[in-house]
Amino acid sequence: IPNDDTSEVHVVELGGGRATNANHLLSHLQQVNPQLYDRLSYTIVDASPSLHELQQQILCKSEHSEKINFVLKDLIDVAENKVALLSKSETPTIVVALELLDNLPHDKVRRCKRSRKLEQAELRRCVQDNFDSPFDDTAHLEEIFVPMTDPLLTRILEVVPLYGGRGGRSYWVPSVACGVLDHIQQSRTNSSVLMADFDYLPTPDNLAHPLPPRRSFWADGEPLITDMDKLDYECYLESPSHCDILFPTNFLHLGKFAEQISENDALIQVYKQSTFLEAYGPQEVQATKSWTSGFSPLLHDFGNVSVLSVTKNTKYAISQ
């Protein structure tokens, strides 16, 4: 965003958590770039009613209260074009999503070995109870693959065939994330995007015992599933209904999707978090380095996090 511009700037944060990032970002801009701060509006979008309420409680008491809008909206509905996230506008817009992708719904797909056609996973009620599960809400369900009919999945796999896999191998697809990116591109042609999240998650290390037999097909990009007692599960059909489910993101595939749907002037970049922080926050990195070992938490902690940036005004983007 050029400093000499006087037009309005819109920042949209998806999944605002406890409003910590919004508060710090606005305070930082107010201090280092008051001209930009004065023409900026900030919107926090969240699907959680409790977090939506907490964000208002925190930020409405802050000095930034007049700049912030709060929106309660489910991104599934946005991805499926049931509701709009952003109105159509040429307003310069920056969309930020930090640790959001891992919690968004995914879909499982595979390519049939025989027909070579794409299939999507669905859940159906079992004809008869063949499963001995301690959880009644999933005991009567089974996973099956059917011909692909979902319009969102169909579009994603047309844009990035890599998500379709090979030879019967199953893949988890970040369908809601892709649908939201598509909506942003169509609604705000003058938008940039910054997303950061886990690109890898460890295998479960605190498995529930006795471990039940797996009832779903294993797929690339398996989530880490942990219940409220901090027990892990390998299969979502053998876990309680209330769990923390985290998906890793293949940022190269997601970046390819962003590239295919963006205009020609967009610069798509995927970084490891450490590279991104060295490029855009070298002073902060240097300030946190140990003078004896060179260790910096900004560089050496959370090595399994990557960053996707979609920058429309490439004049102000760095090259990597």
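Note that the structure is predicted; figures quoted are calculated from it, not measured.

*Asks:* How do you make sense of the packing of aromatic side chains when you look at a structure like this?
*Replies:* Between two aromatic rings, the relevant description is the distance of the centres plus the angle of the planes. Throughout the structure, instances matching the rule amount to six aromatic pairs. On the numbers, 5.3 Å between centres and 65 degrees between planes, the contact of F145 with F217 is edge-to-face. With F145 in strand β7 (residues 141–147) and F217 in the loop between β9 (191–198) and β10 (224–227), this residue pair connects regions lying 72 residues apart in the sequence. On the basis of relative accessible area, F217 is assigned to the partly exposed category, the value being 40%. With a centroid separation of 5.4 Å and 75 degrees between ring planes, the pair formed by Y271 and F276 is classed as edge-to-face. Each member of the pair Y271 and F276 is classed as buried. Pairwise contacts between aromatic rings join W172, Y236 and F247 into one cluster.

*Asks:* I tried to follow the nonpolar core on my own but got confused; where do I start?
*Replies:* Across soluble globular proteins, nonpolar side chains have a tendency to be buried as a group. L14, L75, L85 and V180 are the most contacted members of the largest nonpolar core, which totals 40 residues. A per-element tally of this core places helix α7 (residues 175–187) first, with six residues. Not counting residues up to four positions away in its chain, the partners in contact with L75 are L14, V45, L85, L100, L104, V176 and V180. In this structure, A19, L26, Y42 and V96 belong to the second largest nonpolar core, which totals 15 residues.

*Asks:* When you look at the pairing of strand β3 (residues 68–72) in this model, what are you seeing that I'm missing?
*Replies:* Each regular strand displays side chains that alternate between the two surfaces of the sheet. Both strand β2 (residues 40–46) and β3 contribute to a ladder of five bridges, which runs parallel. Bridge assignment links T43 to a residue of β3, and that residue is N69. Handedness of the β-α-β unit built from β2, helix α3 (residues 49–59) and β3 comes out right-handed.

*Asks:* Sorry, what's going on with the pattern of salt bridges here?
*Replies:* Side-chain pairing between opposite charges can occur once the charged atoms of the two side chains come close. Under the counting rule described, the total for this entry stands at ten salt bridges. The salt bridge involving K82 is made with E80; its shortest N-O contact spans 3.1 Å. The exposure class assigned to K82 is exposed, which follows from its relative accessible area of 58%. E143 serves as the salt-bridge partner of K108, at 3.0 Å between the closest nitrogen and oxygen.

*Asks:* Which parts of the structure should I look at to understand α7?
*Replies:* In an α-helix there are 3.6 residues to a turn, and that puts residues three or four apart on one side. With 13 residues, α7 extends 18 Å between its outermost C-alpha atoms, agreeing within 8% with the 18 Å of an ideal straight helix rising 1.5 Å per residue. In terms of burial, α7 is largely enclosed, as twelve of its 13 residues are buried. Buried residues of α7: S175, V176, A177, C178, G179, V180, L181, D182, H183, I184, Q185 and S187, and no others.

*Asks:* Explain the sheet that holds β2 to me, please; I cannot follow it from the model alone.
*Replies:* Across a sheet, paired strands are connected by hydrogen bonds in the backbone, their directions being either parallel or antiparallel. Strand order in the open sheet made by the seven strands is β3-β2-β1-β4-β9-β14-β13, with mixed pairing throughout. Only two strands of the sheet have a single partner each, and these edge strands are β3 and β13 (267–272). Ignoring strand direction, the axes of neighbouring strands in this sheet form an average angle of 15 degrees.

What counts, and at which threshold
- Residues numbered from 1 in each chain as written.
- Predicted model: local features only at pLDDT ≥ 70, side-chain atom pairs only at ≥ 80, totals over all residues.
- Heavy atoms only, no water.
- Phe/Tyr/Trp six-rings, centres within 6.5 Å; stacked < 30°, edge-to-face > 60°.
- Helix = DSSP H or I, 4+ residues; strand = E, 2+ residues; numbered from the N terminus.
- Buried < 20%, exposed > 50% of the residue type's maximum accessible area, 1.4 Å probe, protein only.
- Core = buried A, V, L, I, M, F, W, Y, C linked by side-chain atoms within 4.5 Å.
- Contact = heavy atoms within 4.5 Å.
- Pairing = 2+ DSSP bridges.
- Right-handed = clockwise from strand over helix to strand, strands pointing away.
- Salt bridge = Lys/Arg side-chain N within 4 Å of Asp/Glu carboxyl O.
- Expected span 1.5 Å × (residues − 1).
- Axes fitted to C-alpha atoms, helices over the stretch in contact; angles between N-to-C directions.

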